[in-house]
Every structure is written in C-alpha cells, then in structure tokens.
Amino acid sequence: MRILKAPFAWMGEVALNLAVLAAYQTMSRLPFGARYRLAMAAATVIYRLWGQGRRRLQRNLCLVSPGLAGDELEAASREVVRTIVRDWAVLFEPDKVDVVDVAR
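The sections below set out a description of the structure shown in this document. (Residues numbered from 1 in each chain as written. Predicted model: local features only at pLDDT ≥ 70, side-chain atom pairs only at ≥ 80, totals over all residues. Heavy atoms only, no water.)

1. Description of the layout of surface pockets
The computed volume of the largest pocket comes to approximately 370 Å³. For the largest pocket, the lining is made up of 16 residues, of which Ala43, Ile46, Val81, Ile84 and Val85 are closest to its centre. When residues of the lining of the largest pocket are traced back to their parent elements, those giving at least two are α2 (32–49), α3 (51–64) and α4 (71–91). In terms of residue class, the lining of the largest pocket is made up of 14 nonpolar, one polar and one charged. (1 Å grid on protein atoms, 1.4 Å probe; cavity = no way out; pocket = protein on both sides within 12 Å on 5 of 7 lines; lining within 4 Å. Points joined across faces, edges and corners; volume = space filled by probe spheres on them. Helix = DSSP H or I, 4+ residues; strand = E, 2+ residues; numbered from the N terminus. Nonpolar A, V, L, I, M, F, W, Y, C, P; charged D, E, K, R; others polar.)

2. Remarks on a nonpolar patch on the surface
Among the surface-exposed residues, Val14, Leu18 and Leu21 lie close enough to one another that they form a single nonpolar patch of about 260 Å² accessible area. For Leu21, the position within the fold is in helix α1 (residues 10–29). (Patch = residues over 30% accessible without salt bridge, like charges linked within 9 Å, V, L, I, M, F, W, Y side chains within 5 Å. Areas by Shrake-Rupley, 256 points an atom, 1.4 Å probe, with all protein chains shown as cover. Salt bridge = Lys/Arg side-chain N within 4 Å of Asp/Glu carboxyl O.)

3. As for the nonpolar core
Of all hydrophobic cores here, the largest spans eight residues; its members are Met27, Ala39, Met40, Ala43, Tyr47, Val81, Val85 and Phe92. Mapped by element, the contributors of at least two residues to this core are α2 and α4. With sequence-adjacent residues up to four places away left out, Val81 is seen in contact with Met40, Ala43, Tyr47 and Leu57. (Core = buried A, V, L, I, M, F, W, Y, C linked by side-chain atoms within 4.5 Å. Buried < 20%, exposed > 50% of the residue type's maximum accessible area, 1.4 Å probe, protein only. Contact = heavy atoms within 4.5 Å.)

4. Digging into the packing of aromatic side chains
Taken as a whole and judged by the stated rule, the model has one aromatic pair. Arranged with centres 6.2 Å apart and planes meeting at 20°, the rings of Phe32 and Tyr36 form a pair that is stacked. Of this pair, Phe32 and Tyr36 are both found in helix α2, four residues apart, which corresponds to roughly one turn of the helix. The ring of Tyr47 has Arg54 sitting right over it, with the charged end atom 5.6 Å from the ring centre. (Phe/Tyr/Trp six-rings, centres within 6.5 Å; stacked < 30°, edge-to-face > 60°. Lys NZ or Arg CZ within 6 Å of the ring centre and 35° of its normal.)

5. Section: the side chain of Arg35
Here Arg35 shows up in helix α2. Classification of Arg35 as buried rests on a relative accessible area of 3%. If sequence neighbours within four positions are ignored, Arg35 has contacts with Met27, Ser28, Leu30, Ala89, Phe92 and Glu93.

6. With respect to the pattern of salt bridges
Within the structure shown, the criterion is met by two salt bridges. We note a salt bridge from Glu74 to Arg48, for which the minimum N-O separation is 3.6 Å. In this pair, Glu74 is assigned in helix α4 and Arg48 in helix α2, connecting sequence segments 26 residues apart. Of the residues examined, Arg48 reaches a relative accessible area of 45% and is grouped as partly exposed. The salt bridge involving Glu79 is made with Arg82; its shortest N-O contact spans 3.0 Å. Highlighted residues: Glu79 and Arg82, both in helix α4, separated by three residues, approximately one helical turn.

Structure (structure tokens):
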C-alpha cells in the first residue's frame, strides 16, 4: 500500500522557494558592504546557535590542520565562516554573476 503525502505538503516547498526569491531580490539591491554585514550577522547567529554544525566544522578543520587546538581552532573556523559569507555576498551581485559560474 502506498502512503500518500498530505494534500498540501507542496506548500512548504513553495513557501521556501518564495522566501529564497525574496531574499535574493532584496539582497541583490543592496551594496556589497550592506550585503556582507547582513549575511555576516545571519552567519554569526547560525554559527553560535547551531552547536552541531560548529563542532562538525571544527572537526573537519582538525582533519585538514591537525595541529590546531583551542583558540587557534576557533579562529580558523571563524575565518572559514567569513570566507563563505564573502563568497555568498559576491554571489548576490546581480551584474557580476554568470549562470555558467553558478552551475559549477
């Protein structure tokens, strides 16, 4: 017997897609500095609240650089987050994004 999804289960996916589209439209109109600061604030909140993700990032950094420990590991993980945020802030620039680059 096949289990059917709830009749309106697709609405959550549609809502998520609309939220992403709205975020893109809003972020693409902001200058780079404002986009970077907004994305950095969101990343900092996620980094601080999502303990499992932070620990996973630090474990992966320990695999890449086994000599890191304590404060050095924390600083390296924050630098990785900054790099990711900077890349995402550049990605939201509407004039400089090429569809081929995004697909890669």
